[in-house]
There are 2 protein chains.
Amino acid sequence: MSGRPSSREKILAAAAELADCAGPGNLSLDAVAQRAGVSKGGLLYNFPTKAKLMQALVEDYIAKFDATLVAKSQGACGEPTSRLAAYVELSAEEFEQVQPSAAGVVAALAEDPDFLNPIRTYKRQLLDTLKAESTDAAKLIVAFLVIEGLRSMKLFDMDILHEDERDMAFSYLLSEAAAPGAK
Amino acid sequence: MSGRPSSREKILAAAAELADCAGPGNLSLDAVAQRAGVSKGGLLYNFPTKAKLMQALVEDYIAKFDATLVAKSQGACGEPTSRLAAYVELSAEEFEQVQPSAAGVVAALAEDPDFLNPIRTYKRQLLDTLKAESTDAAKLIVAFLVIEGLRSMKLFDMDILHEDERDMAFSYLLSEAAAPGAK
DNA sequence: TTGACAATACCGTCCAGACGGTACAGTAAC
DNA sequence: GTTACTGTACCGTCTGGACGGTATTGTCAA
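**What about the overall build of chain A?**
Check the secondary structure of chain A and you find 9 helices and 0 strands. Going residue by residue from the N terminus, the α and β elements of chain A occur as α-α-α-α-α-α-α-α-α. By its C-alpha atoms, chain A is 60 × 35 × 30 Å across when sized along the principal axes. The buried share among the 183 residues of chain A stands at 45%. For chain A, the proportion of contacts with a sequence separation of at least 24, taken over those separated by at least 6, is 63%. Looking at chain A as shown, the accessible area adds up to about 8900 Å², and 54% of this sits on carbon and sulfur atoms. Across chain A, 19 positive and 26 negative side-chain charges occur, with their mean positions spaced 6 Å apart.

**Digging into the environment of Leu-53 of chain B**
Tracing the backbone through its elements, the reader meets Leu-53 of chain B in helix α4 (residues 50–74). Between the C-alpha atom of Leu-53 of chain B and that of Leu-12 of chain B, which follows or precedes it by 41 residues, the distance is 7.7 Å.

**A look at the relation of the copies chain B and chain A**
When chain B is fitted onto chain A, the two copies agree to an RMSD of 0.1 Å after a turn of 180° and an axial shift of 0.0 Å. Accordingly, the operation relating the two chain copies is best matched by a two-fold axis. Minimal C-alpha separation from the rotation axis in chain B is found for Gly-149 of chain B, amounting to 1.8 Å. Most of the interface of chain B is mirrored in chain A: 100% of its interface residues are interface residues there too.

**Brief notes about the pattern of salt bridges**
For the coordinates displayed, the defined rule picks out 24 salt bridges over all chains. Where Arg-124 of chain A meets Glu-165 of chain B, a salt bridge forms, and the shortest distance between an N and an O atom there is 2.8 Å. Of the two residues, Arg-124 of chain A is situated in helix α7 (residues 117–133) and Glu-165 of chain B in helix α9 (residues 163–178); the pairing between them involves two chains. Here Arg-124 of chain A and Glu-165 of chain B have matching classes, each one buried. The salt bridge partner of Glu-148 of chain B is Lys-123 of chain B, with a shortest N-O separation of 2.8 Å. Of this pair, Glu-148 of chain B sits in helix α8 (residues 137–155) while Lys-123 of chain B is found in helix α7 (residues 117–133), placing the two residues 25 residues apart along the sequence.

**Structural notes on the protein's contact with DNA strand C**
Leu-29, Lys-40, Leu-44 and Lys-50 of chain A together with Ser-39 of chain B are the nearest of the 15 residues found near DNA strand C. Between DNA strand C and the protein, one listed contact pairs a base nitrogen with a side-chain N or O atom of Lys-40 of chain A at 2.8 Å. Counting residues per element, the ones that place at least two in the surface near DNA strand C are α3 (40–46) of chain A together with α3 (40–46) of chain B. Examining the composition of the surface near DNA strand C, we find that 4 residues originate from one element, α3 of chain B, more than from any other.

**Some points on unusual backbone geometry**
The backbone phi angle of Asp-157 of chain A is positive, close to 55°, even though this residue is not glycine. With respect to the helices, strands and loops of the structure, Asp-157 of chain A is situated in the loop between α8 (137–155) and α9 (163–178).

What counts as what
Residues numbered from 1 in each chain as written. Chains lettered and ligands numbered in written order. Predicted model: local features only at pLDDT ≥ 70, side-chain atom pairs only at ≥ 80, totals over all residues. Heavy atoms only, no water. Helix = DSSP H or I, 4+ residues; strand = E, 2+ residues; numbered from the N terminus. Buried < 20%, exposed > 50% of the residue type's maximum accessible area, 1.4 Å probe, protein only. Contact = heavy atoms within 4.5 Å. Areas by Shrake-Rupley, 256 points an atom, 1.4 Å probe, with all protein chains shown as cover. Lys, Arg positive; Asp, Glu negative; His and termini not counted. Charge placed at Lys NZ, Arg CZ, Asp CG, Glu CD. Least-squares fit on C-alpha atoms with pLDDT ≥ 70 in both. Salt bridge = Lys/Arg side-chain N within 4 Å of Asp/Glu carboxyl O. Near = heavy atom within 4 Å. Polar contact = N/O pair within 3.5 Å; in protein donor to acceptor, adjacent residues only side chain to side chain.

This is the structure:
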């Protein structure tokens with residue numbers, strides 16, 4: 001909504017990083033302010049309560065994710081990709097990189113599980129969009145859950161899968177996403 | 001290891017319930033003690049620090065899960081079921097019931113992500129066991145991740161899937177688990 | 001059998017520190 | 001003069017955990 005210079009975004013980023021490295025439950029306002037290079041007064045000017053900060057953390061996460069997803073599905077290439085293909089691709093990319101923004105979401109969860117409500121509704125909407133494009137609902141659900149599984153592992157730093165195992169998962173997803181009416 | 005009367009187990013149960021309904025980050029020793037019907041001194045006698053409580057919460061979760069899994073795969077029926085089938089079945093059952101014990105795990109995560117280490121190693125071992133029994137590694141990985149996805153949704157109270165969608169997922173899992181060499 | 005002692009399993013209180021949040025005076029840019 | 005902060009001081013509350021005390025049970029020599 002805003003797009004103003006930076007203070008707000010610096011705070012959000014600092015909060016996410018802190019949650020990532022100090023543990024989601026140990027996120028204090030003082031620490032966030034310090035890390036963001038902002039005074040505590042300044043922090044509370046941008047986010048009047050901690051709850052608002054958490055909420056913003058979650059909303060920011062969704063907004064960024066959705067923006068990337070939309071960009072990907074409309075693609076630089078003239079032909080728009082399928083939504084599922086874009087989702088798979090995006091998830092694969094997210095998996096490769098360190099991504100502290102998700103840690104902010106966990107921090108919000110630690111504070112109060114209700115902060116995840118926006119994520120719930122977003123996920124449901126996404127699933128509905130994907131369903132509308134798919135001919136085989138069962139396969140879609142399986143693919144969706146595979147991504148969900150991958151994502152939860154990432155979230156918990158569960159680097160359990162070997163490289164070849166991850167590749168198997170992604171090549172499965174890619175083949176499913178590529179097949180339009182694969183019944 | 002002990003198995004003495006109950007105090008320790010009452011505390012563990014109380015902690016899990018509290019984490020579930022008060023938010024994982026808001027788990028205080030006083031609250032746990034009160035809910036368990038134990039004084040704070042008593043609590044700290046059983047678990048000398050909060051960290052030990054968290055650790056016990058995680059270990060208890062794994063131990064219970066593994067015990068049920070082993071019991072299920074050796075089955076009341078003479079013939080032992082396949083490990084994957086047992087895992088699928090157990091996950092399905094867990095999905096049906098309210099299960100606060102998992103909330104304790106999230107509480108531990110909130111305190112310090114390292115508390116999840118035992119879960120990491122357990123999951124990896126489980127996956128290896130499943131792999132040893134399976135002929136098609138790729139399908140196994142997919143099934144494993146589907147369960148992981150289902151589990152993470154449950155963990156976050158993401159009651160996103162409609163009933164028929166959940167059924168699709170489980171019938172997929174069941175069919176995969178049933179097929180021994182389905183290549 | 002009994003008395004002395006010790007271990008176990010807890011209770012209740014207290015405290016230093018951290019935390020979220022408020023208040024407010026000052027300031028620098030637009 | 002408004003906006004967007006900085007900096008500091010402060011308050012009330014909560015939290016982990018240390019501590020001293022106590023009731024119950026067990027052990028064992030005399």
